[in-house]
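Topology and contacts: notes
So the chains spell out like this:
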Amino acid sequence: MSASLAVPEPADPPSGGKNPIVFPVVGAARYFDDWGDPRGQGRHAGNDILTTWRSPAVAAEDGKIRLWTTSSRAGCMLYLYGASGTTYLYVHLNNDLTAKRDNRGTCAPGVAYANGLKTGSRVKAGQLIAYNGDSGDAEGTYHLHFEIHPNDGVDANPRPYLNEARRLLFPVQPLVKPVTVGVKGTVTSAGGGIVELAITSYRVWPGGTWVTIPARTLELAVPVESVVDESLVDLILSPTRRTLSSRKWKATKVVAFTIPTPATLAVSAGEPGALSVDRIRPG
């Protein structure tokens, strides 16, 4: 996508980083500063976030949706009109029914957009709104072209926003009852009512399946009522927190399940203390 050839000054993240946006892609994703780069149709007005087929695209903030399906270059796209006054563009959403890039899908809910989404729908920050793909002139490279327009005006460099963004473990589910999260990973520190894991997969109940992810750290609270496997008691229930530098506890793999809790933004982001252990066992 392109905009005016006049290059605006980069904008800072909202509130100087104190109120960051939600990173618009859940799962494996990488990006670089290609805002303003020359393109055949003009200046590049966003950042391309390289990702995988049908990875979730989520709302950067609370706002209202407008679907857009009539641009051959953009393919399937949408506008998110944020409550802050910032407008976000999500471009090159999915139009494939299989991972073979068949182009047999349409710009419709369940393919490009989240089920139930339509122009005028109101969404919460972190809520699933679309699926990433390679529609339009992005054919062959799965990525999200992401634009930010402060005050619904000229585009700004998304990179500072993305650098400060809150990354989610899974999309926010505002209409779902309390969720239970299962995680698999390796203990990196524990004790003092905390266990920190380098997790490699997760699952969310109700529904959901196990999802493999790039390793990331997740800190879970361990309340006194947690069910801890006997083999892990000395490690997990230590009165003081310790890192796993000793040979005895090195690379301890576990499976943990959390106490049911509403799928708030903090829970979906896996922020420290937002999730608590219900039970934990060797994995």
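This text goes with the structure placed above it.
The notes below deal with the structure included here. (Residues numbered from 1 in each chain as written. Predicted model: local features only at pLDDT ≥ 70, side-chain atom pairs only at ≥ 80, totals over all residues. Heavy atoms only, no water.)

1. Some thoughts on the overall build of the chain
If you tally the helices and strands in the chain, you get three helices and 18 strands. A total of 283 residues make up the chain; the buried ones form 48% of that total. Residue pairs at least 24 apart in sequence account for 66% of intrachain contacts in the chain once pairs closer than 6 positions are excluded. Here the chain displays about 13100 Å² of accessible surface, and carbon together with sulfur accounts for 52% of that area. (Helix = DSSP H or I, 4+ residues; strand = E, 2+ residues; numbered from the N terminus. Buried < 20%, exposed > 50% of the residue type's maximum accessible area, 1.4 Å probe, protein only. Contact = heavy atoms within 4.5 Å. Areas by Shrake-Rupley, 256 points an atom, 1.4 Å probe, with all protein chains shown as cover.)

2. Things to note about the environment of isoleucine 148
Examined against the element boundaries, isoleucine 148 turns out to sit in strand E11 (residues 143–149). Along the sequence, isoleucine 148 and threonine 86 sit 62 residues apart, while their C-alpha atoms lie 7.0 Å from each other. Beyond its immediate chain neighbours, meaning those up to four positions away, isoleucine 148 contacts Ile21, Thr86, Thr87, Tyr88, Val154, Asp155, Ala156, Pro158 and Tyr161.

3. Quick word on the sheet that holds strand E4 (residues 47–50)
A sheet is described by the order of its strands in space; here seven strands give the open sequence E1-E4-E11-E8-E7-E6-E9, paired in antiparallel fashion. The sheet terminates laterally at strand E1 (30–31) and strand E9 (122–123), the two strands that pair on one side only. Where strand E8 (residues 87–93) meets E11, five bridges bridge the pair, whose relative direction is antiparallel. Of the residues in E11, the one forming a bridge with valine 91 is histidine 145. (Pairing = 2+ DSSP bridges.)

4. Notes on the packing of aromatic side chains
For the coordinates displayed, the defined rule picks out eight aromatic pairs. Look at phenylalanine 23 and tyrosine 31: their rings are 5.8 Å apart centre to centre, the planes differ by 45°, and that puts the pair in the tilted class. Feature note: the residues Trp68, Tyr79 and Tyr81 constitute an aromatic cluster, connected by ring pairs. We note arginine 279 situated over the ring of phenylalanine 257; from NZ or CZ to the ring centre the distance is 4.3 Å. (Phe/Tyr/Trp six-rings, centres within 6.5 Å; stacked < 30°, edge-to-face > 60°. Lys NZ or Arg CZ within 6 Å of the ring centre and 35° of its normal.)

5. Remarks on the pattern of salt bridges
Evaluated as defined, the whole model comprises eight salt bridges. The salt bridge partner of arginine 101 is aspartate 134, with a shortest N-O separation of 3.0 Å. With a gap of 33 residues between them, arginine 101 in the loop between E8 and E9 and aspartate 134 in the loop between strand E10 (128–131) and E11 connect regions that are remote in the sequence. Exposure remark for aspartate 134: the relative accessible area of 0% places this residue in the buried category. Each of Glu196, Glu219 and Arg241 takes part in a single network of salt bridges with overlapping partners. (Salt bridge = Lys/Arg side-chain N within 4 Å of Asp/Glu carboxyl O.)

6. Structural notes on the state of the cysteines
The final tally for this structure, using the stated rule, is one disulfide. Disulfide pairing is shown between cysteine 76 and cysteine 107; the S-S distance is 2.1 Å. On the S-S bond that ties cysteine 76 to cysteine 107, the torsion sits near -80°, and the link is left-handed. One end of the pair, cysteine 76, is in strand E7 (residues 75–82); the other, cysteine 107, is in the loop between E8 and E9, and 31 residues separate them in sequence. Taking the relative accessible area as the measure of exposure, cysteine 76 reaches 1% and is therefore buried. Residue cysteine 107 is classed as partly exposed on the basis of its relative accessible area of 27%. (Disulfide = S-S within 2.5 Å.)

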